[in-house]
Amino acid sequence: MSAAIKGPSLTLKAREAISGWLFVSPILTGFMIFFVGPLIAVFYYSTTEWNLLSQQSHFVGMENYVDALTRNDTFWNVLVNSLVFAAGLVPLNMLLALGLALALSRSVRGAVFFRTVFFAPVITSAVAWAIIWTFLLQHESGAVNRALSVIGINGPNWLHEPHWAMASVIFTRVLKTVGLNMILYIAALQSIPRDYTEAARLEGANGWEIFRRITWPLLAPTTLVIMVITVVGSLKVFDHIYLMTGGGPQNATLVLAFYIYEQGFKFFNTGYASALAVILFVLILALTILQTILKAARK
Amino acid sequence: MSTIMIKRLICAAVLSGTIATNVNAEELRFTVWTGSKAHLDMLNDIAEGFRQTHPDVTVRYDTIPFGDYVQKLTLQMAGGNPPDLGWLLENSAPAFVEAGALADVSKTLHATENYNYADFSTSAMGLWTKDDGVYGIPFSTSPFLVYYNKSLYDAAGLETPDQRATDGTWTWEQLKKDAATLRNADAGVWGYETVDGQGYSARVWHNLIPIIRAYGGNAWTDGTCHLDSPEAVKAIKLFHDMIYVDGSAVPPGEQGDFFSGKSALTVTQISRVSKLADANFDWGIAPLPAGPAGNAATVGQAAVVAFAQGKNKDIAAEFLAYMTNAKNVAKMAEFFPPARKSVLEGDAFLSSNPAITPEQMKIVAQGIENGSVLPSHEHFPQIEAKARPEFDALWSKDADIQATMTKLCQGIQPLL
């Protein structure tokens, strides 16, 4: 009697697929539990009225969204503040980053030193940065107004006057984050083959023409990436506002991420805060898609 | 017996021992916002005392930073990991009580021998009781006091605030005059700094309420806002003039730390005495000034609470009763002004903190006895957020105080 020795029942392809899944399963499990799970949970919570303190929760459908969009005046003010912040920060940040990159991508004396100086705030603690700037922006004894007084300008109370407060947080945020965009632009500039610019120069093109016809178009993919991350970052801003103005004065710097925090963790309206978070998510998604479409349309 | 067998037996013995210990032992987790070694040593000392009657119970103090305290506590509760006990501030009390988040400990307190619940005055217990239930016992009832820089007062030849308090001439008008006299722009010294320098933001209520009460006003009573009353407006006008007419109060957006000698006067609580240990000037404390409505002492309060969702509710309630008995309250009085009348009136309290003279401690005791607690409400966080932009609008030279406060009251009225 001979027992038939069975060979492996799985094909090579199936076995490879299984081992492949096994290899990625640890990271995939973590990703599902810590990223996808909470994301889906936020959508669910946004349809409930859930008080974090009393732990009472019941389904209210779209009521939180209807309330935020039609009955809550503060929400619209907050949304406008967020858009003003983004509209101020994104162009300023990108222009400054591009200017710095153009100046510092060349191998000139001191370039490495200045690159380090402009990149240093990126790796500085956001808390330390914000606190130091609140000191620098004090009304009478702050370094900024003292410097201005030397040239005869009576500086405003930067963080305590509604219009100047928004400008101040935008400006200090730009200085904090511009270094990262500068580095991305420098990397992109250095990857442009020199042949192109040299050929253009031989044809008689001047500096502006070379920038407009060669450098800028070749930077387009980097510009899109930078624009997306800067827009997303500006709409999600929280730490800067929390530390420098606390949303004031007179709610002038109350932005969406800070308002979500207040609703969720100060008023314990977790369901409502989740709905606001979904609105922020949709807003960022829409803007990102729009930027990609506009870029594709131009090609 | 093989080596493997021996190893297995040792493992089994160790494991069973661990399990057996876990079954018998109970650990109470107690959240606090202090990280001070002196505070934690004292709290651990109390926990050690409790072990004499409950040898299997250990207490673990879990420090959560003050700024994140309520947020982290709430998240722990929502995440199914509530502490057994914790500290809670007066402005969180109504929301926690109304939400049913706190355990009613009245039965345990009444069943505890020699607890003497009547030792706590009704006013001290106001925020922590509802119907017949008791939801917390105040461990710190800290009055707001005036701290003054005695060196500056002496140099200017002015009568000091505590002398004036004895004479009966210590008023907010007098404080305003003193602050204007002691303001020295050239030396960078301000006349008056608001509570912890945060009187325009996080502590705007702490800044204004004592003045408003001294003028006969109040934040609200029985669901009606009074912050736009003539009394409240007059009180705010006094402080507003200190900033924009006299230039004596540290204005918004400036720093003038009293504790480093940059302001002549400030209002704060007794726990800040520790910041004066290395002060290079003489200092003193005085009660809050009086106003047209007389003295209006104001106190901040914090209580020990047991959480309704806690896993060891009965033991937690027993520990709460132990921690707040007369002996332990006297022990805690070194750092936290007590709410127990017997401790407050005892001589031991007057000499409980070596940094404070018995005469100064008497001022603290008087503040506790006569003081009323800061405004509190079930919807306080919402009220605070709604009032914030209106308070902000006060801080300009041309602000219309009456109009701003009327708008503030209209805004918060639906929440009261």
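Structural data are supplied above this passage.
Residues numbered from 1 in each chain as written. Chains lettered and ligands numbered in written order. Predicted model: local features only at pLDDT ≥ 70, side-chain atom pairs only at ≥ 80, totals over all residues. Heavy atoms only, no water.

## Focus: a nonpolar patch on the surface
All names here are of chain A. The condition is simple: What goes into a patch is any residue over 30% in relative accessible area without a salt bridge, connected to like charges within 9 Å or, for nonpolar side chains (Val, Leu, Ile, Met, Phe, Trp, Tyr), within 5 Å. We get accessible surface area from the Shrake-Rupley algorithm with a probe of 1.4 Å; when it comes to residues, only the shown protein chains can shield them. Salt bridges, as used here, are contacts in which a Lys or Arg side-chain nitrogen is within 4 Å of a carboxyl oxygen on Asp or Glu. Per the convention used, a helix needs a DSSP run of H or I reaching at least four residues, while a strand needs a run of E reaching at least two, with both numbered from the N terminus. Accessible area is worked out with a 1.4 Å probe on protein chains only. A residue is then buried under 20% of its type maximum, exposed over 50%, and partly exposed in between.
On the surface, a cluster of nonpolar side chains totalling about 1200 Å² of accessible area is made up of W21, F23, V24, I27, L28, F31, M32, I33, F34 and F35. Within the fold, I27 resides in helix α1 (residues 12–45). Residue classification places I27 among the exposed residues on the basis of a relative accessible area of 62%.

## Observations concerning the packing of helix α2 (residues 37–51) of chain B against helix α12 (residues 313–323) of chain B
Residue and element names in this part refer to chain B. Quick note on the threshold: Lines fitted to C-alpha atoms define the axes, with helix axes restricted to the stretch in contact, and inter-axis angles between N-to-C directions lie between 0 and 180 degrees. Crossing handedness follows the turn of the near helix against the far one: under a right angle anticlockwise gives a left-handed crossing, and clockwise gives a right-handed one. Contacts: residue pairs with any heavy atoms within 4.5 Å of one another. As a working rule, the residues Ala, Val, Leu, Ile, Met, Phe, Trp, Tyr, Cys and Pro are called nonpolar, Asp, Glu, Lys and Arg charged, and the rest polar, with Gly in that last group.
Where α2 contacts α12, the two axes come as close as 10 Å, and the packing angle between them is 115°. In the crossing of α2 with α12, the sense of the turn from one axis to the other is right-handed. In this structure, α2 uses L43, I46, A47, G49 and F50 to contact α12, whose residues at the interface are I315, E318, F319, Y322 and M323. Of the residues belonging to the contact of α2 with α12, the class tally is eight nonpolar, one polar and one charged.

## Some points on the state of the cysteines
Residue and element names in this part refer to chain B. Operational definition: Cysteine sulfurs are considered disulfide-paired once they come within 2.5 Å of each other.
Inspection of the entire model under this criterion finds one disulfide over all chains. Bridging C225 to C409, the disulfide has an S-S length of 1.9 Å. Disulfide C225-C409: the torsion about the S-S bond is -65°, which places it as left-handed. Of this pair, C225 sits in strand β10 (residues 224–225) while C409 sits in helix α18 (residues 401–412), and the two are 184 residues apart along the sequence. Pair check on accessibility: C225 and C409 agree, each one buried.

## What to know about the layout of surface pockets
Quick note on the threshold: Using protein atoms alone on a 1 Å grid, points that fit a 1.4 Å probe yet trap it form a cavity, whereas open point sets bounded by protein on both sides within 12 Å along at least five of seven lines form a pocket; residues with an atom within 4 Å of a point count as lining. Grid points are joined across faces, edges and corners, and a volume is the space filled by probe spheres set on the points.
When its volume is computed, the second largest pocket comes out at roughly 1200 Å³. Looking at the second largest pocket, it is lined by 49 residues, and the ones nearest its centre are A:Y259, A:Q263, A:F267, A:N269 and B:Q382. Examining the composition of the lining of the second largest pocket, we find that seven residues originate from one element, helix α17 (residues 380–394) of chain B, more than from any other. Across the lining of the second largest pocket, the residue classes tally to 18 nonpolar, 20 polar and eleven charged.

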